[in-house]
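Close look at the chain arrangement
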Amino acid sequence: MSNDSTACSIHLMTVFMTTIFLLMQLVHAVPITAAKHNQASLSNIRTGGNLNPYPDMPRITFRRDGTFKITVFSDFHFGEGPETIWGPEQDANSTRLMRIVLPEENPDFAVINGDLITGENTFRENSTKLVDQIVAPFDEFRVPFASSHGNHDNQVNITHLEEIIRERQVSSFSYTRSAPPGVGGEGGPGNYWVPVYANEEDHYPVLILWFFDSRGGFSPGENSTSVPDWVDSTVAEWIESESTLMEEDWGPAESRGALAFVHIPPRVVQSLQSTLNHTSNPGLNEDTLGRGSTQASTQDSDAGKDEPFWNALNKYVKNLHAVISGHDHGNEWCSRETDKKVIFCFNKHSGYGGYGEYSWGFGIRNLVFTSTDPKDGVDTWIRLDGGETRAKVVLDDNYV
Ligand SMILES: *[C@@H]1O[C@H](CO)[C@@H](O)[C@H](O)[C@H]1NC(C)=O
Ligand SMILES: *[C@@H]1O[C@H](CO)[C@@H](O)[C@H](O)[C@H]1NC(C)=O
Ligand SMILES: *[C@@H]1O[C@H](CO)[C@@H](O)[C@H](O)[C@H]1NC(C)=O
Ligand SMILES: *[C@@H]1O[C@H](CO)[C@@H](O)[C@H](O)[C@H]1NC(C)=O
Ligand SMILES: *[C@@H]1O[C@H](CO)[C@@H](O)[C@H](O)[C@H]1NC(C)=O
């Protein structure tokens, strides 16, 4: 009896320590960069390329020919109807899509842009096991990747943080992280960035991939309540402070390019839909944007709640080639937002789970950088699992 309970508490202690260790790894960048920040501002000199949240992982780099390709998956919705034939068959189809697309596209990096799991249908005891199935193809084809999370990833039996921890536990190819404590608000830990270098040995990255957590869904456990569906205003301050660290270590923000991924589109995207033009904004437009389809749009009183994030992103992040979202499975278009002049693109519904019509198809969005110059344009298009491509545009200064 006492032996059992000792063994049990040792086991619990091990689990506890492992969890603390993992959490510390996830926020690894914080103590180091915070210390460096003080040092840099005291001595007022650059620390020279030491800002690296992934000291133990391979650097993400452009190819020798100066190109870099990202393949964006979105809205997998694994785990629908686990007790029926419907859910497992959808998941098998989504896995098949990944196993077709990854070797054929051969990307340098992949993104999963939210709603990995339909949390409503998962069980407390094994909900994050679905993460293992989702990441397996990336490991199999050795493609580094990172995830954002969506409203269906925050439910009674699952949270964004649990998915992030599981992903890092089961895949050595995952670059997904969480923000320092206090950043992101309720249910929104998934704010972080991934540096991309022109060459392995360079001191400074030429491209930053930013990931933001637009939250939504429900809080875990009994007495679950709805979670706000916008990027929290604490993220605005964090964008500013991270940008300062980057400038101190790497030089002016203008010397880097950027892309931003966030599951739920910023609310301002709603106003773009009425101005779409088939030539410059090709791609499906089957979801009418309205209540719940963009950030802070579920209730009228939430209007404007995503603006601190949106303003900070557009103020501090330079050469922002595009902001990319999922959530609305029927839309694929890109369009330039008229106030900040930034390009917004939907990605492509990749999961056979989640709402949608079979005629919309299932696929991915590719983004190809054709040079390491942060001012140069980026080619982007949609590819379906059968190989069909469409909606190709170049994201550059001429894009309208
Ligand atoms: C899975 O894919 C097959 C082949 O495209 C299709 O016939 C079937 O309906 C799909 N199943 C589900 C549940 O989406
Ligand atoms: C959550 O998990 C528990 C335990 O497996 C299960 O009884 C319940 O149906 C699940 N779903 C919800 C929405 O509570
Ligand atoms: C999770 O557990 C439920 C019942 O406890 C089972 O039906 C389901 O297949 C399990 N799912 C996974 C992914 O292991
Ligand atoms: C949930 O609400 C019930 C009724 O108010 C309460 O008795 C219970 O303690 C609450 N559970 C938790 C985990 O807060
Ligand atoms: C649509 O865009 C194309 C190319 O940007 C432009 O030439 C054309 O005039 C636009 N059409 C309308 C109706 O605005």
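Just so you know, these numbers come straight off a predicted model, no measurement behind them.

1. Some thoughts on the overall build of the protein chain
Of regular secondary structure, the protein chain possesses seven helices and 13 strands. Taken over 400 residues, the protein chain has a buried fraction of 56%. For the protein chain, the share of sequence-separated contacts (at least 6 apart) that also reach a separation of at least 24 residues comes to 72%. About 16,900 Å² of surface is accessible on the protein chain, with carbon and sulfur atoms providing 54% of the total.

2. Some words on the sheet that holds strand 3 (residues 109-113)
Strand order across the open sheet formed by six strands is 4-3-2-11-12-13, with mixed pairing between neighbours. Each having just a single partner strand, strand 4 (145-148) and strand 13 (389-395) make up the two edges of the open sheet. Put simply, the sheet's adjacent strands are angled 20 degrees from each other on average, direction ignored. Along the sheet, helix 3 (residues 86-105) contacts strand 2 (68-73), strand 11 (363-369) and strand 12 (378-384); its crossing angle with strand 2, the most-contacted strand, is approximately 170 degrees.

3. Topic: the site of ligand 1
In the neighbourhood of ligand 1, the contacting residues comprise Trp86, Glu89, Gln90, Asn93, Arg96, Tyr352 and Tyr358. Contacts to ligand 1 include glutamate 89, whose side-chain N or O atom sits 2.8 Å from a nitrogen atom. One nitrogen or oxygen atom from the side chain of asparagine 93 is found 2.3 Å from an oxygen atom belonging to ligand 1. Burial of ligand 1 by the protein chains amounts to 62% of its free accessible area of 370 Å².

4. Notes on the packing of aromatic side chains
Counted by the stated rule, this structure contains 22 aromatic pairs. An aromatic cluster of at least three residues, connected via ring pairs, comprises Phe73, Phe76, Phe78, Phe138 and Phe145. In this structure, arginine 177 is placed above the aromatic ring of tryptophan 193, and the distance from its NZ or CZ to the ring centre is 5.4 Å. The ring of tryptophan 230 is capped by arginine 215, whose NZ or CZ atom sits 5.7 Å from the centre of that ring.

5. Brief notes about the pattern of salt bridges
Under the counting rule described, the total for this entry stands at 13 salt bridges. Note that glutamate 105 and arginine 383 form a salt bridge whose closest N and O atoms lie 3.0 Å from each other. Placement of glutamate 105 in helix 3 and of arginine 383 in strand 12 is noted, with a sequence separation of 278 residues between them. Of the charged contacts in the structure, one is a salt bridge between arginine 390 and glutamate 332, with a shortest N-O distance of 2.7 Å. Taken as a pair, arginine 390 in strand 13 and glutamate 332 in the loop between strand 8 (320-325) and strand 9 (334-336) lie far apart in primary sequence, 58 residues in all. The exposure class of arginine 390 is partly exposed, given its relative accessible area of 24%.

6. A look at the site of ligand 2
Neighbouring residues of ligand 2: Thr122, Phe123, Arg124, Glu125, Val156 and Asn157. The separation between an oxygen atom of ligand 2 and a polar main-chain atom of arginine 124 is 3.0 Å. One of the side-chain N or O atoms of asparagine 157 is found 2.4 Å from an oxygen atom in ligand 2. When ligand 2 is considered free in solution it has 360 Å² of accessible area, and contact with the protein chains removes 49% of it. Along the lines of polarity and charge, the residues of the shell around ligand 2 split into two nonpolar, two polar and two charged.

So, how was this worked out
- Residues numbered from 1 in each chain as written.
- Chains lettered and ligands numbered in written order.
- Predicted model: local features only at pLDDT ≥ 70, side-chain atom pairs only at ≥ 80, totals over all residues.
- Heavy atoms only, no water.
- Helix = DSSP H or I, 4+ residues; strand = E, 2+ residues; numbered from the N terminus.
- Buried < 20%, exposed > 50% of the residue type's maximum accessible area, 1.4 Å probe, protein only.
- Contact = heavy atoms within 4.5 Å.
- Areas by Shrake-Rupley, 256 points an atom, 1.4 Å probe, with all protein chains shown as cover.
- Pairing = 2+ DSSP bridges.
- Axes fitted to C-alpha atoms, helices over the stretch in contact; angles between N-to-C directions.
- Near = heavy atom within 4 Å.
- Polar contact = N/O pair within 3.5 Å; in protein donor to acceptor, adjacent residues only side chain to side chain.
- Phe/Tyr/Trp six-rings, centres within 6.5 Å; stacked < 30°, edge-to-face > 60°.
- Lys NZ or Arg CZ within 6 Å of the ring centre and 35° of its normal.
- Salt bridge = Lys/Arg side-chain N within 4 Å of Asp/Glu carboxyl O.
- Nonpolar A, V, L, I, M, F, W, Y, C, P; charged D, E, K, R; others polar.

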